[in-house]
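Analysis of the macromolecular model
Chain by chain, the residues run as shown.
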Amino acid sequence: MSQGVPGVSSGRWWGALRIALVLLWLLGAATTWWTAPRQQGYDRARADAVAGRVVAYQWGDRWQVDRSPPWFGSATLWGSGTSGPLFAWRTPDGRVHWTNTDRFGQVSTTGTVEQESYSGPGAVGIAQQLRVAGLEHRAGGVHSSMTVVSGTGLLVAVVALVVVAAGPAPVRGTRWFWFWLICLAPYGLGLLFWMARDHPWSRSAAAVTTRSPTYPRDRGVLGFGVGALASVLIGAVLLVLHQSLGDWWVPRPDA
């Protein structure tokens, strides 16, 4: 590879790596959005069970949601005691749905399942449909793709932080500034800001340092403050968008 500005490799490999990091981020973000749990009605849950469209399912009584995950995450359904009242299931297209079985129009119980094991008649009705359809063995976690997505987020984070710590000196901010911003800004948005503002590994970024060695850079304290503030603000914005646009566009199970 040709050497442009001293200390910085300016060949195609660096440009390809920048593109690869952004594409991995897009893949993780898109998969997280696609598989995020979305609320459905009780009748939709029964219909999917009857039609055999339940690939995996899970019972619980509360959602645990990381309001501002550092990279990619999803809500986790927790349960204690009896099964229900929340019922989550994954369909063949990879999407995850959930319903509150305490809210139903009409249901009949036949005694084909142990009713004491469920939170109420609505949960019993779903359990009966699962047994009739031969789907009881599909109980388990509904987030099959999240292990891969979490691994993608970890890979992108590690590569970015290694470059920030050991690569060419950043131009617009110190290493600590970008470290805190990448670690604290939710959903990996610090990575995108780093790419857009600092243009890591590029000729243009290194040229700034060469022309002006004393170029003022943002400090670590500012990066920590901006990252923490971004975590709070983005969580609030997503809550407003959820209430404005609905569960389909901005799913938040516990909102």
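For clarity, every value in this text was computed on a predicted model and none was experimentally measured. (Residues numbered from 1 in each chain as written. Predicted model: local features only at pLDDT ≥ 70, side-chain atom pairs only at ≥ 80, totals over all residues. Heavy atoms only, no water.)

Note on placement: G41 falls in the loop between β1 (38-39) and α2 (42-50). G41 sits 62 residues away from R103 along the chain, and the two C-alpha atoms are 8.3 Å apart. (Helix = DSSP H or I, 4+ residues; strand = E, 2+ residues; numbered from the N terminus.)

Following the criterion strictly, the structure yields 15 aromatic pairs and no others. Centroid distance W176 to F179: 5.3 Å. Interplanar angle 85°. Geometry classified as edge-to-face. Separated by three residues within a single helix, W176 and F179 lie in helix α5 (residues 175-184), roughly one turn from each other. With relative accessibility at 54%, the residue W176 sits in the exposed group. Given a relative accessible area of 28%, F179 falls into the partly exposed group. A network of ring pairs unites the aromatic residues Y57, W59, F87, W89 and Y118 as a single cluster. Between R38 and the ring centre of W33, over which it is positioned, the NZ or CZ distance is 4.7 Å. Above the plane of the ring of W248 lies R38, whose end atom (NZ or CZ) is 5.2 Å from the centre. (Phe/Tyr/Trp six-rings, centres within 6.5 Å; stacked < 30°, edge-to-face > 60°. Buried < 20%, exposed > 50% of the residue type's maximum accessible area, 1.4 Å probe, protein only. Lys NZ or Arg CZ within 6 Å of the ring centre and 35° of its normal.)

Our focus in this paragraph is the side chain of T101. With respect to the helices and strands, the residue T101 is situated in the loop between β6 (96-100) and α3 (121-132). For T101, the side chain forms a polar contact with the main-chain oxygen of P85, separated by 2.6 Å. (Polar contact = N/O pair within 3.5 Å; in protein donor to acceptor, adjacent residues only side chain to side chain.)

What follows covers the confidence of the model for the chain. In this model, the chain carries an average pLDDT of 82, and 86% of its residues clear a pLDDT of 70 or more. This stretch, residues 1-11, has a pLDDT under 50; its non-local contacts, to residues over four places away or in other chains, come to 24 contacts. (pLDDT = per-residue confidence, 0-100. Contact = heavy atoms within 4.5 Å.)

Here we take up unusual backbone geometry. Note the cis peptide between G84 and P85, where omega equals 10°. Relative to the helices and strands, P85 resides in the loop between β4 (76-78) and β5 (86-90). At Y187, a position not held by glycine, the phi torsion is positive, near 60°. Inspection of the secondary structure puts Y187 in the loop between α5 and α6 (189-198).

Taken residue by residue, α5 has F177, W178, L181 and I182 as its buried positions. Projected down its long axis, α5 carries its buried residues within an arc of 115°, all on one side. (Arc of directions from axis to C-beta.)

For the rest of this paragraph, the subject is the layout of surface pockets. If you add up the space inside the largest pocket, you get close to 570 Å³. Taken together, 25 residues form the lining of the largest pocket, with T32, G73, Y187, L238 and P251 sitting closest to its centre. With four residues, helix α1 (residues 12-35) is the largest single contributor of residues to the lining of the largest pocket. Grouping the amino acids of the lining of the largest pocket by side-chain chemistry returns 17 nonpolar, five polar and three charged. (1 Å grid on protein atoms, 1.4 Å probe; cavity = no way out; pocket = protein on both sides within 12 Å on 5 of 7 lines; lining within 4 Å. Points joined across faces, edges and corners; volume = space filled by probe spheres on them. Nonpolar A, V, L, I, M, F, W, Y, C, P; charged D, E, K, R; others polar.)

Secondary-structure assignment places A30 in helix α1. Judged by relative accessible area, A30 falls into the partly exposed class, the value being 45%. Counting along the chain gives 119 residues from A30 to V149, while the straight-line C-alpha distance between them is 9.7 Å.

The next thing to look at is α6. Within the sequence span of α6, burial applies to G190, L191, W194, M195 and D198. Down the axis, α6 shows its buried residues gathered within 140° of arc, on one side only. Phi turns positive one or two residues past the end of α6, at H199, with a value near 45°.

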